[in-house]
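Chains, contacts and geometry: an overview
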Amino acid sequence: MAFVGTYKHALDTKNRIFIPAKFREKLGDTFYITRKLTTNSLVIYSEDEWDKKAEIIDSIADSVGEDIKELFYSEAIDPTPDSQGRVTLTPALIEYAKIDKNVVIAGYGSYIQIWPEEVWEERQKEKQTEERMKHIQEINLRFNL
């Protein structure tokens, strides 16, 4: 099961975003939204993928992994979409990702990310630089993609 595609939606006045039907079908009844640990974006995991990540994170001793556990778990939600496919984001998640109004919901293979639209567009421009394209070509050749 791979999440693919990019969708643009707006955060409504009740802090709800629409999860595309294609994604909801693959996510199933239980899924999780939390902070992406490497970027100021949000990530959506299916229950299976969440369990895999949780197993890894739980195996890290608190003495070295407490901050990671806090980032991963403390603001996570397991929303239930309403009849129109919308889920409510918490103010903490919205603030973390710096979401103002418009969002991009993008498939990343085994998970989904939610970006503020302006950040997504800036990232897309950066990807078009000559240096970045060279890096992508090197990865492509290495892994025969």
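Positions within a chain are numbered from 1, following the residues in the order the chain's sequence is written. At least 70 in pLDDT is required for a residue's local features to be given in this predicted model, at least 80 for side-chain atom pairs to be given and counted, and no such filter applies to totals for whole chains, interfaces and linings, which use all residues. Only hydrogens and water are set aside when side-chain values are computed; all heavy atoms of the structure are taken into account.

1. With respect to helix H2 (residues 47-58)
To be explicit about the condition: Secondary structure elements are taken from DSSP: a helix is a run of H or I of four residues or more, a strand is a run of E of two residues or more, and numbering for both begins at the N terminus. Every helix has an expected span of 1.5 Å times one less than the residues it contains. Three labels apply to residues, based on accessible area from a 1.4 Å probe with only protein chains included: buried if under 20% of the type maximum, exposed if over 50%, partly exposed otherwise in between. Picture the helix axis, draw a direction to every C-beta atom, and the arc is the one those directions span. In what follows, a contact means two residues having at least one pair of non-hydrogen atoms within 4.5 Å.
The end-to-end C-alpha distance of H2 is 16 Å, a good match for the 16 Å that twelve residues give at a rise of 1.5 Å each. For H2, the complete set of buried residues consists of Glu49, Trp50, Ala54 and Ile57. Mapping the buried residues of H2 onto a view down its axis gives an arc of 135°, with all of them on the same face. The exposed residues of H2 that point more than 90 degrees off its buried face are Asp48, Lys52, Glu55 and Ile56. Elements that come into contact with the buried residues of H2 comprise strand S3 (31-35), strand S4 (42-46) and helix H3 (62-73).

2. Remarks on empty space enclosed by the protein
Rule in force here: Think of a 1 Å grid over the protein atoms and nothing else: a 1.4 Å probe that fits but is trapped marks a cavity, an open set flanked by protein within 12 Å on at least five of seven lines marks a pocket, and residues with an atom within 4 Å of a point count as lining. Grid points are joined across faces, edges and corners, and a volume is the space filled by probe spheres set on the points. Asp, Glu, Lys and Arg are counted as charged, while Ala, Val, Leu, Ile, Met, Phe, Trp, Tyr, Cys and Pro are counted as nonpolar; the rest, among them Gly, fall into the polar class.
All told, the structure shown has one cavity of 30 Å³ or more when counted by the stated rule. Here the largest cavity is characterised by a volume of approximately 30 Å³. Lining of the largest cavity is provided by Ala2, Phe3, Val4, Tyr7, Lys22, Phe23 and Lys26. Across the lining of the largest cavity, the residue classes break down as five nonpolar, no polar and two charged.

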